[in-house]
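Descriptive structure summary
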Amino acid sequence: MSSWFRSRTLSNSKKTQPTKERIPSLNLPLESHWHVLEVEKKKKRSLAKMSFKSVQESLTKISRSNTFKGIFQTIHDPKEEEVVQSIRDQLLLEGKLPEKYDDYHTLLRFLRMRAFNVPKAKEMFLNMVKWREDFGVDAIVKDFRFEELETVKRCYPQGYHGVDRYGRPLYIERIGLVDLNSFLHATSIDRYIKYHITEQEKTLNYRYPACSLAAKKHIASTTMILDVKGVGLSNFSKPARELFVEIQKIDSNYYPETLNQLFIINAGSGFRALWRVLKAFLEARTLSKIQVLGTDYRAALFEAIDPSNIPEFLGGTCACSASSGCLMQDKGPWTNPEINHLLEEVFSKGKKFAEEANKETNVDASSDRNNQPSDRHFSPNGERMLTMIERESETNDSKRGISLKINDLEGWLKDTNEILQKLLLKQDEVSTLVEDLKKLTSEPM
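Residues numbered from 1 in each chain as written. Predicted model: local features only at pLDDT ≥ 70, side-chain atom pairs only at ≥ 80, totals over all residues. Heavy atoms only, no water.

**Quick notes on the pairing of strand S5 (residues 222–227)**
In the case of a regular strand, side chains alternate between the two sheet surfaces. For S5, the buried fraction is high: 5 of the 6 residues fall into the buried class. One ladder, built from 5 bridges, connects strand S4 (residues 169–174) with S5; its direction is parallel. In the sheet register, glutamate 173 faces S5, and the bridge partner there is leucine 226. As paired strands, S5 and strand S6 (residues 259–265) are joined by 6 bridges and run parallel to one another. Note on S6: the bridge partner recorded for leucine 226 is isoleucine 264. Since S5 and S6 lie parallel, the crossover through helix H11 (residues 238–254) that links them has a hand, and here it is right-handed. (Buried < 20%, exposed > 50% of the residue type's maximum accessible area, 1.4 Å probe, protein only. Helix = DSSP H or I, 4+ residues; strand = E, 2+ residues; numbered from the N terminus. Pairing = 2+ DSSP bridges. Right-handed = clockwise from strand over helix to strand, strands pointing away.)

This is the structure:
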């Protein structure tokens, strides 16, 4: 069984302890629902100031620790666990929970969007599964290519640009600079919708895991800035309405709880009149995450986002060196080569483990599986990185027989340690040669 379900079973087997009344947390940021284990804080040492031997010893200590595992191990709210397990059991009993979407955090996002009303969250979840099948989302992600992206971004400035102070991806759009005619000439609404879906999938399955690694805590939502300078009712033409409504429907219904906060800035009287119309298309929960600001917005932005991650044209200090500008860069932890390498390692291992698990499941499959739906693993979908790490931390006596990811990491570090040992020996040899040379040069001719 999954690590989450095993821990839940063990905790339920113990005598219930009295707990303090919990403060309602429905409106807290999504990450508040994962209490990341604190890693012991130690005095940082500069790598540049450490000796060769000190670096070696540090790597050896890391290889023997569970820090990597501890950073991503999460503690679930007991009351929420019960609700998540309830909807999960119902879906499994009815045979309506594809293993691909059998994920604790994914189910929690739908529950939160529907205020933990299980019937409504269940209906919303099933609508999402049906939409993905009908719309062919997996095929779009695999095969769709948006070759006109650079042209589209020039007439519709947008893009990811760094992270907020918590570590969430930062997404920026400059609606006031949109040239709708050029946009529709460069692409179609249908193609842009497909592009938007691929970006949502990339954020869920790649940007959030990368940000989680960089921030050393669970990241599961996005902070957005919408610059509406010069926007008014006249901008809300039929094509603009069609695009806006379709994107809002997709984001709200099929990718719920991925918005942390939206700052609408440079809102003039024209936009405020338009905003009264736009609000009708948004759910109350989404509206609660939106701040509409005028030209005096910097204090609010700087409180949530470091100025270094805000472009100069919005009052920040970033001026990307590339001539194409900040919003063309897709800047963030997900473009860091070291994080990319680690993500590839995790994903490749996860795929390998899943294939091995499927083989074992096919061999051991029997009718009693339907009578024990809770023993099924949560799949690595949505919050893929943390789910994989939780899975890979299971013991070897797991029904699936999935190996520990931590063992792989320790193996990698062990190899690194061996390389460092060889380098250290080489260093000793060089030191010996230097001493011999000194002796030779000091002897009289």
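Moving on, there is more to tell.
**Digging into the sheet that holds strand S3 (residues 158–163)**
Pairing within the open sheet is mixed, and its 5 strands lie in the order S3-S4-S5-S6-S7. Looking along the sheet, the strands with just one partner apiece sit at the ends: S3 and strand S7 (290–292). Averaged over all neighbouring strand pairs, the angle between strand axes comes to 20 degrees, with direction disregarded. Relative to S3, helix H10 (residues 189–215) is tilted by about 5 degrees, and along the sheet it contacts S3, S4 and S5. Relative to S7, helix H12 (residues 269–278) is tilted by about 145 degrees, and along the sheet it contacts S6 and S7. (Axes fitted to C-alpha atoms, helices over the stretch in contact; angles between N-to-C directions. Contact = heavy atoms within 4.5 Å.)

**Description of the side chain of glutamate 201**
Within the secondary structure layout, glutamate 201 lies in helix H10. Residue class for glutamate 201 comes out buried when judged on its relative accessible area of 8%.

**Quick word on the pairing of S6**
Within S6, 6 of the 7 residues are buried, leaving the element largely enclosed by the surrounding structure. With 3 bridges connecting them, S6 and S7 associate as parallel partners. In the sheet register, leucine 262 faces S7, and the bridge partner there is isoleucine 290.

**Re the confidence of the model for the protein chain**
Mean pLDDT for the protein chain: 77, with 65% of residues reaching 70 or above. Averaged over each element, pLDDT in the protein chain is lowest for helix H2 (residues 52–63) (41) and highest for S5 (98). Low pLDDT, under 50, characterises residues 9–25; the predicted model gives this stretch 7 contacts beyond four residues in sequence or across chains. Ignoring residues within four places in sequence, the model shows residues 377–382, a span with pLDDT below 50, making 36 contacts including any to other chains. (pLDDT = per-residue confidence, 0-100.)

**Observations concerning the environment of asparagine 181**
Take asparagine 181: it is sitting in helix H9 (residues 180–186). The spatial distance from the C-alpha of asparagine 181 to the C-alpha of cysteine 155 is 8.8 Å, given a sequence separation of 26 residues.

**Here's the deal with the packing of aromatic side chains**
One pass over the structure, following the stated rule, counts 16 aromatic pairs. Seen from their ring centres, phenylalanine 146 and tyrosine 192 are 6.3 Å apart, and the 70 degrees between their planes marks the pair as edge-to-face. Of this pair, phenylalanine 146 sits in the loop between helix H7 (137–143) and helix H8 (149–155) while tyrosine 192 sits in helix H10; the two residues are 46 residues apart in sequence, bridging distant segments of the chain. Its relative accessible area of 12% is what places phenylalanine 146 among the buried residues. (Phe/Tyr/Trp six-rings, centres within 6.5 Å; stacked < 30°, edge-to-face > 60°.)

**Some points on the nonpolar core**
Among soluble globular proteins, nonpolar side chains are generally buried collectively. Phe125, Tyr192 and Tyr255 are the most contacted members of the largest nonpolar core, which totals 50 residues. Among the elements that line this core, the one with the most residues is H10, at 10 residues. Residues Val231, Phe236, Ala240 and Leu282 belong to the second largest nonpolar core, which totals 15 residues. (Core = buried A, V, L, I, M, F, W, Y, C linked by side-chain atoms within 4.5 Å.)

**Considering unusual backbone geometry**
In this structure, phenylalanine 116 takes a positive phi of about 60 degrees despite not being glycine. Within the secondary structure, phenylalanine 116 sits in the loop between helix H5 (104–113) and helix H6 (118–135). What makes phenylalanine 116 partly exposed here is its relative accessible area of 23%. At asparagine 266, a residue that is not glycine, the phi angle is positive and equals roughly 60 degrees. Inspection of the secondary structure assignment puts asparagine 266 in the loop between S6 and H12.

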